[in-house]
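One-letter residues, chain by chain:
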Amino acid sequence: MRLDFRSGLVLAAFSVLVCGITNHASSQNDLLVAAPNKNSVERFDAFTGEYLGSFVTAGAGGLANPGAVAVGPDGNVYVTSSQRVLRYDGSTGDFLDVFASGSGLVAANNLQLFGYHMYVGQFAGGSNGVIKR
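What counts and how
Every chain's residues receive numbers from 1 upward, in the order its sequence appears when written. The predicted nature of this model means local features are confined to residues of pLDDT at least 70 and side-chain atom pairs, given and counted, to a pLDDT of 80 or more, with totals for whole chains, interfaces and linings taken over all residues. Side-chain descriptors were evaluated using all non-hydrogen atoms of the structure, hydrogens and water having been removed beforehand. A pairing counts as a salt bridge when a side-chain nitrogen of Lys or Arg comes within 4 Å of a carboxyl oxygen of Asp or Glu. Runs of H or I in DSSP of at least four residues are treated as helices and runs of E of at least two as strands, each being numbered from the N terminus. For every residue, the predictor reports its confidence as pLDDT, a number between 0 and 100. Contacts are assigned to residue pairs that have any heavy atoms within 4.5 Å of one another. Per-residue accessibility, obtained with a 1.4 Å probe over protein chains only, is compared with the maximum for each type, and a residue is labelled buried under 20%, exposed over 50%, and partly exposed between these values. In protein, a polar contact means a hydrogen-donor-capable atom and an acceptor-capable atom, both N or O and within 3.5 Å, with residues adjacent in sequence counting only if both atoms are side-chain atoms; elsewhere, any N or O pair within 3.5 Å suffices. Only the six-membered ring of Trp is used, alongside the rings of Phe and Tyr, when aromatic pairs are assigned; centres must lie within 6.5 Å, and planes under 30 degrees apart are stacked while those over 60 apart are edge-to-face, with the rest tilted. By the convention used here, strands pair only if DSSP detects at least 2 bridges between them.

Student: How should the pattern of salt bridges be read in this particular structure?
Tutor: In a structure, side chains of opposite charge can pair up when their charged atoms sit close to one another. Under the definition given, this model contains three salt bridges. Its salt-bridge partner being Lys 38, residue Glu 42 comes within 3.5 Å of it at the nearest N-O pair. Between Arg 87 and Asp 97 there is a salt bridge, and its shortest N-O distance comes to 2.8 Å. A residue pair is termed long-range when its members are at least 10 positions apart, and Arg 87 in strand β6 (residues 84-88) and Asp 97 in strand β7 (residues 95-101) qualify at 10 residues.

Student: Any chance you could explain the confidence of the model for the protein here in plain terms?
Tutor: Parts of the prediction with low pLDDT should not have their coordinates interpreted in detail. The share of residues in the protein with pLDDT of 70 or more is 65%, and the mean pLDDT across the chain is 74. In the predicted structure, residues 1-27 sits below a pLDDT of 50 and forms 53 contacts with residues beyond four places in sequence or in another chain.

Student: Whenever I open this one, the side chain of Thr 80 confuses me. Can you help?
Tutor: Positionally, Thr 80 belongs in strand β5 (residues 77-81). Among the residues examined, Thr 80 registers a relative accessible area of 0% and is labelled buried. Among the polar contacts made by the side chain of Thr 80, one reaches the main-chain amide nitrogen of Ala 68 at a distance of 2.9 Å.

Student: Please explain the packing of aromatic side chains as it appears in this structure.
Tutor: Think of a pair of aromatic rings as described by two things: how far the centres are apart, and how the planes are tilted against each other in angle. As enumerated under the stated definition, the model contains three aromatic pairs in all. With 5.6 Å between their ring centres and 65 degrees between their planes, Tyr 88 and Phe 95 make a pair best called edge-to-face. For Tyr 88, a relative accessible area of 0% corresponds to the buried category.

Student: What's the story with the pairing of β6 in this structure? I'm lost.
Tutor: Along any regular strand the residues' side chains alternate between the sheet's two faces. Across the five residues that make up β6, a large majority, four, are buried. Relative to β6, β5 runs antiparallel, the two sharing five bridges. Counted as the bridge partner of Val 79 is Leu 86 from β6. As judged from the five bridges shared by β6 and β7, these two strands associate in the antiparallel manner. Each residue of the ladder has a partner; that of Val 85, found in β7, is Ala 100. Connecting β6 to the next strand, β7, in antiparallel fashion are six residues, including Gly 93 with a positive phi near 85 degrees.

Shown next as structure tokens:
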């Protein structure tokens, strides 16, 4: 299969499949899913699909219209929110800080972590096909 990152479809689909299966205390065996309509990150059991409630509550840390979720090697949860990447405690869901922001991030709506590298995809707002590291 050829991966064409000029359309956000492939990266977006990949992000949904691997975005947040975690191995940390309170979220072990959880799937974390960005819920832009609720401005939150929701938790599901990764094996049964059972809904477990909100992991990051609506608007926590300024979360607005989240696009993607990833769990970092540090155990923290990273969420794209417009022009920012927000960081939350991987066990509690508590807001920690704004991990990345600025004019370099426009319509950040995809996020992947590979080792200690973060890749943020931007597929809207005139930045189609841009992936930042």
